[in-house]
Amino acid sequence: MAEQGKRATIADVARHAGVSQAAVSKVLNDGYGLSDAMRAKVEAAMEALGYRPSAMARGMRGRGYTLGVFLVDLRNTFFSVLIDGIRDTAEAQGYQVFIGQARSGLDAQRRLIEAMVDRRMDGLVLIAPFGPAEWLEEVGRTTPTVVLGRHGPGRNYDTVASDDIAGSGLIVDHLVSLGHRRIAHLKHVGDEKNQPGMPQEVRAQGYIEAMVRNGLQDDIDVIEARWSREGGQRAAELILDYPQAPTAIHAGSDMPALGAMEVFSRANWSVPGDISIVGYDNIPMSSMHPLSLTTIDQAGTEMGSLAAKLLLERIKGRTGPISTLVTPRLVLRSTAAPPPAHGTAGADRQKELGGVPE
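What you see is a predicted model; the values in this text were computed from it and never measured.

S.K.: Residue-level account of the nonpolar core, with values.
M.R.: Membership of the largest hydrophobic core comes to 69 residues, with the highest contact counts inside it found for I127, L148 and F264. Not counting residues within four places of it along the chain, the set of residues in contact with I127 comprises V69, F70, L71, F79, L82, I83, I86 and L148. Residues A8, I10, V13 and A23 belong to the second largest nonpolar core, which totals 16 residues.

S.K.: Explain helix α12 (residues 300-315) to me, using residue names and the numbers behind them.
M.R.: Look at α12: 23 Å from first C-alpha to last across 16 residues, which is about the 22 Å you get at 1.5 Å a residue. Turning to α12, its buried residues are G300, M303, G304, S305, A307, A308, L310, L311, L312, R314 and I315. Two residues or fewer after α12 comes G317, characterised by a positive phi angle close to 130°.

S.K.: Which residues make up the packing of aromatic side chains, and what values go with them?
M.R.: Overall, the coordinates contain two aromatic pairs when judged by the stated rule. Centroid distance Y65 to Y95: 4.9 Å. Interplanar angle 40°. Geometry classified as tilted. Of this pair, Y65 sits in the loop between α4 (55-60) and β1 (66-71) while Y95 is found in the loop between α5 (77-92) and β2 (96-101), placing the two residues 30 residues apart along the sequence. Y95 carries the same exposure label as Y65, and that label is buried. The interplanar angle of 10° and the centroid separation of 5.0 Å between the aromatic rings of F264 and W269 together place this pair among those described as stacked. Given a relative accessible area of 0%, F264 falls into the buried group. Over the aromatic face of Y280 sits the side chain of R203, whose NZ or CZ is 3.9 Å from the ring centroid.

S.K.: Report on the pattern of salt bridges, specifying residues and quantitative values.
M.R.: Applying the stated criterion across every chain yields a total of 15 salt bridges. The partner of D281 in a salt bridge is R203, with the nearest N and O atoms 3.9 Å apart. Here R203 lies in helix α9 (residues 199-213) and D281 lies in the loop between β9 (276-278) and β10 (295-297), a separation of 78 residues in the sequence. The same class applies to D281 and to R203, which are both buried. One connected set of salt bridges, linked through shared partners, spans D158, E313, R314 and R318.

S.K.: Can you tell me about the sheet that holds β9, naming the residues and giving the values?
M.R.: Paired through backbone hydrogen bonds, the strands of a sheet run either parallel or antiparallel to each other. Spatial ordering of the open sheet is given by β7-β6-β8-β9, a layout of four strands whose pairing is parallel. Of all strands in the sheet, those with a lone pairing partner are β7 (221-224) and β9, marking the two edges. Here the strands of the sheet are splayed against their neighbours by 25° on average, with no regard to which way each runs. Pairing geometry for strand β6 (residues 183-187) and β7, over four bridges, is parallel. What sits directly across from A184, in β7, is D221.

S.K.: Can you break down the sheet that holds β2 residue by residue, with the values?
M.R.: The strand order across the open sheet formed by six strands is β2-β1-β3-β4-β5-β11, and the pairing between neighbours is parallel. With partners counted over all chains shown, the strands left at the sheet margins are β2 and β11 (323-326), one partner each. Neighbour-to-neighbour, the strand axes of the sheet open up by a mean angle of 20°, direction not taken into account. Two strands pair when backbone bridges link them, and β1 and strand β3 (residues 123-127) are joined in this way by four bridges, in the parallel orientation. Note on β3: the bridge partner recorded for V69 is V125.

S.K.: So what's going on with the confidence of the model for the protein chain? Residues and values would help.
M.R.: Put simply, the protein chain has an average pLDDT of 88, and 87% of its residues get 70 or more. Contacts from residues 1-5, a stretch scored under 50 in pLDDT, to residues over four places away or in other chains number five contacts. Here residues 349-358 scores under 50 on pLDDT; set against residues more than four positions off or in separate chains, the count is 15 contacts.

S.K.: Can you explain the pairing of β6? Please cite residues and give values.
M.R.: Counting buried residues along β6, five of its five residues qualify, which places the element largely inside the surrounding structure. Side-chain alternation along β6 places I183, H185 and K187 on one buried face and A184 and L186 on a second face that is also buried. Of the pairings in the sheet, the one linking β6 to strand β8 (residues 248-251) comprises four bridges and is parallel in character. Paired with A184 across the two strands is I249, which belongs to β8.

S.K.: Can you tell me about helix α7 (residues 133-142), naming the residues and giving the values?
M.R.: Among the residues of α7, those classed as buried are W135, L136, E137, V139 and G140. Buried residues along α7 sit against α6 (106-118), β3 and β4 (145-148).

S.K.: Would you mind going over the side chain of D297 in detail, with residue names and values included?
M.R.: By the secondary structure assignment, D297 is in strand β10. Of the residues examined, D297 reaches a relative accessible area of 15% and is grouped as buried. For D297, the side chain forms a polar contact with the main-chain nitrogen of A299, separated by 3.0 Å.

Conventions we followed
- Residues numbered from 1 in each chain as written.
- Predicted model: local features only at pLDDT ≥ 70, side-chain atom pairs only at ≥ 80, totals over all residues.
- Heavy atoms only, no water.
- Core = buried A, V, L, I, M, F, W, Y, C linked by side-chain atoms within 4.5 Å.
- Buried < 20%, exposed > 50% of the residue type's maximum accessible area, 1.4 Å probe, protein only.
- Contact = heavy atoms within 4.5 Å.
- Helix = DSSP H or I, 4+ residues; strand = E, 2+ residues; numbered from the N terminus.
- Expected span 1.5 Å × (residues − 1).
- Phe/Tyr/Trp six-rings, centres within 6.5 Å; stacked < 30°, edge-to-face > 60°.
- Lys NZ or Arg CZ within 6 Å of the ring centre and 35° of its normal.
- Salt bridge = Lys/Arg side-chain N within 4 Å of Asp/Glu carboxyl O.
- Pairing = 2+ DSSP bridges.
- Axes fitted to C-alpha atoms, helices over the stretch in contact; angles between N-to-C directions.
- pLDDT = per-residue confidence, 0-100.
- Polar contact = N/O pair within 3.5 Å; in protein donor to acceptor, adjacent residues only side chain to side chain.

As structure tokens, this is what we get:
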């Protein structure tokens with residue numbers, strides 16, 4: 001029992017509960033694998049003694065209660081949805097979230113992540129990092145790490161990703177059910193070499209598998225374009241010059257889908273009258289009128305929250321890797337419809353009618 005007028009200590013709590021001081025510390029730090037009975041016994045002792053942990057002492061025990069979140073592109077609004085989920089879960093557990101961006105190559109990415117480690121972040125969430133898996137294993141060996149968006153498994157880190165094979169399959173199967181055969185896919189290509197497990201690789205694989213499954217292997221058309229508004233615009237400009245344009249596009253992300261819609265609109269192509277477009281991510285903008293983009297919902301907030309929960313488990317002591325896939329959902333809106341009755345898209349139809357859009 002603590003002396004009258006004296007603040008109770010961990011030692012007082014341990015004596016009152018009949019457990020070790022190490023057990024009390026584990027309860028205070030919400031240690032992984034702690035039994036409910038032990039937690040209840042220690043919490044009852046803390047309440048009986050009026051024990052309140054010092055925030056300063058809590059930091060001195062080894063944690064700064066900070067998480068670092070790395071991403072490559074702040075303009076990708078889906079990343080902000082992921083961060084909302086991370087922040088909500090982390091802050092509920094008393095952690096602050098610090099966000100860092102590196103877009104200028106693998107060396108810049110390494111420097112930023114190493115800076116987070118040097119500043120003693122308790123753990124890292126890396127959103128779709130590029131670079132070899134061996135380097136991610138190095139990071140995971142030194143700091144609790146969860147990789148979000150890139151497919152696993154890892155040996156020294158956890159992964160959370162959308163089931164992108166299934167997501168691409170949902171898109172292709174839906175377009176085929178509407179009558180489409182010539183379905184193009186917009187695959188991200190950036191400054192760095194795509195690594196196995198990156199979402200752009202897995203979504204492209206899912207597209208190809210779904211096309212083959214539907215007997216459309218001869219109609220496979222993968223167009224490399226950055227997953228950005230500008231990338232979608234360039235892809236659409238390329239499609240405008242096709243001798244026989246696709247009647248539908250499976251965009252690997254919402255932003256290039258929206259960029260492509262801009263170009264088709266300027267060229268007097270109707271979406272979905274002349275060409276159908278399906279995105280991927282379900283960013284907030286995609287539901288706005290008149291865009292109303294048919295897309296894949298990845299439950300981004302839930303993905304971010306799950307990544308934060310796994311990271312906090314690692315910080316508390318779990319070491320075994322966990323690899324999780326989140327089930328995607330097709331959101332039907334207004335940009336996908338049956339192909340033109342004449343079987344050709346915008347420019348082809350206008351050529352038949354004697355005119356080509358400027």
